[in-house]
Amino acid sequence: MYGYGFYGFDRTYILLILGMLLSLLASAKLRSTFAKYRTIRSASGLTGEQAARRILQAAGITDVQVRAVPGSLTDHYDPRTKTVNLSQDIYGQTSLAAVGVAAHECGHAIQHAIHYAPLEIRSAIVPAANLGSTLSWPIFFLGLVMSARPLITAGIVLFSLAVLFQLVTLPVEINASSRALHMLETTGILGRDENKGARKVLTAAAMTYVAALAGSILQLLRLLILAGGRRNDD
């Protein structure tokens, strides 16, 4: 069996563990930052829903609806239905965190309206990325067990599609936050000092995407190492 095989300690698990730790740290930072700024009420007193509607109006977007969805931090913009979907933590709340997150989702709506290229690329590769996430590992390990080089390569290529999706997602999210902070200040929804609080929330959220990308790259590196070990064993 090759050097990184199924018997004994697989040293490539270190990469997997590192990726998990990065994700946990980013998630913990987001939770703590959100918890802090969800207790600070915005001076304008606008709820997340009201802030979203004002931003969309200011951006000249009239065909996007704002609606409430169940869950916590389940907020998202759906380009298929043209809806800004805000969770119960955001929709009716007046905190800096609520307003900041609502504005971020409106940032995605603005990207959609102006045909922001990275967003359109991300939308285009969603089916391939989902396929890659689902099938890459089963095909890869089937290739290892059967010593089938084409299956191993196919697994790596499929997983690379998922990594590509994460790579494209990062600038999309950062740009949406940048647009959000600009709109919050120019519309007067938040003052300059308040905007700093919203920025911290959105920066913490962005770090979860950085961690996801780093984790995916580490996973890809693990696949390449395992594939290299099999090649040396053949």
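Above: the structure in question.
First things first, this report covers the structure right here in the doc.

Thresholds, definitions, all that
- Residues numbered from 1 in each chain as written.
- Predicted model: local features only at pLDDT ≥ 70, side-chain atom pairs only at ≥ 80, totals over all residues.
- Heavy atoms only, no water.
- Core = buried A, V, L, I, M, F, W, Y, C linked by side-chain atoms within 4.5 Å.
- Buried < 20%, exposed > 50% of the residue type's maximum accessible area, 1.4 Å probe, protein only.
- Helix = DSSP H or I, 4+ residues; strand = E, 2+ residues; numbered from the N terminus.
- Contact = heavy atoms within 4.5 Å.
- Pairing = 2+ DSSP bridges.
- Axes fitted to C-alpha atoms, helices over the stretch in contact; angles between N-to-C directions.
- Phe/Tyr/Trp six-rings, centres within 6.5 Å; stacked < 30°, edge-to-face > 60°.
- Salt bridge = Lys/Arg side-chain N within 4 Å of Asp/Glu carboxyl O.
- Arc of directions from axis to C-beta.

## Here's the deal with the nonpolar core
Right, so step 1: Of all hydrophobic cores here, the largest spans 33 residues; its most connected members are Ile-55, Leu-56, Val-84, Leu-184 and Ile-189.
Right, so step 2: Elements represented by at least two residues in this core include exactly helix 1 (13-37), helix 2 (48-58), strand 3 (83-86), helix 3 (96-113), helix 5 (149-186) and helix 6 (192-233).
Right, so step 3: Per-element accounting of this core gives the leading share, ten residues, to helix 3.
Right, so step 4: Once residues within four sequence positions are removed from consideration, Ile-189 is found in contact with Ser-44, Leu-46, Ala-51, Arg-54, Ile-55, Val-99, Leu-184 and Glu-194.

## Topic: the sheet that holds strand 3
Right, so step 1: Spatially, the three strands line up as an open sheet ordered 1-3-2, and their pairing is mixed. Sheet topology places strand 1 (65-68) and strand 2 (76-78) at the edges, where each strand pairs with a single neighbour. Averaged over all pairs of adjacent strands, the angle between their axes in this sheet comes to 25 degrees, without regard to strand direction.
Right, so step 2: Pairing between strand 2 and strand 3: three bridges, direction antiparallel. Across the sheet, His-76 pairs through a bridge with Asn-85, a residue of strand 3.

## Digging into unusual backbone geometry
Right, so step 1: A positive phi angle, near 55 degrees, is found at Leu-73, a position not held by glycine.
Right, so step 2: By secondary structure assignment, the location of Leu-73 is in the loop between strand 1 and strand 2.
Right, so step 3: Of note, His-115 is a non-glycine position whose phi angle comes to about 60 degrees, a positive value.
Right, so step 4: In this fold, His-115 is placed in the loop between helix 3 and helix 4 (117-146).

## A closer look at the packing of aromatic side chains
Right, so step 1: Tallying each qualifying case throughout the model produces four aromatic pairs.
Right, so step 2: With a centroid separation of 5.2 Å and 20 degrees between ring planes, the pair formed by Trp-137 and Phe-141 is classed as stacked. Pair noted here: Trp-137 and Phe-141 are both in helix 4, with a separation of four residues, about one helical turn.
Right, so step 3: Look at Trp-137 and you get buried, because its relative accessible area is 18%.
Right, so step 4: Classification of Phe-141 as partly exposed rests on a relative accessible area of 25%.
Right, so step 5: Ring centres of Trp-137 and Phe-159 lie 6.1 Å apart, and the angle between their planes is 75 degrees; this geometry places the pair in the edge-to-face category. Of this pair, Trp-137 sits in helix 4 while Phe-159 sits in helix 5; the two residues are 22 residues apart in sequence, bridging distant segments of the chain.

## A look at the pattern of salt bridges
Right, so step 1: Scanning the model with the defined rule gives seven salt bridges in all.
Right, so step 2: Where Arg-38 meets Asp-89, a salt bridge forms, and the shortest distance between an N and an O atom there is 3.3 Å. Of this pair, Arg-38 sits in the loop between helix 1 and helix 2 while Asp-89 sits in the loop between strand 3 and helix 3, and the two are 51 residues apart along the sequence.
Right, so step 3: Across the pair Asp-193 and Lys-196 runs a salt bridge whose closest N-O atoms are separated by 3.9 Å. Linking Asp-193 with Lys-196, this pair stays in helix 6, spanning three residues, or about one helical turn.

## Points about helix 2
Right, so step 1: Those residues of helix 2 lying buried are Gly-48, Glu-49, Ala-51, Ala-52, Ile-55 and Leu-56. Projection of helix 2 onto a plane perpendicular to its axis shows the buried side chains occupying an angular sector of 165 degrees, all on one side.
Right, so step 2: Lining the buried residues of helix 2 we find strand 1, strand 3, helix 3 and helix 5.
Right, so step 3: One or two residues past the end of helix 2 sits Gly-60, with phi positive at roughly 75 degrees.

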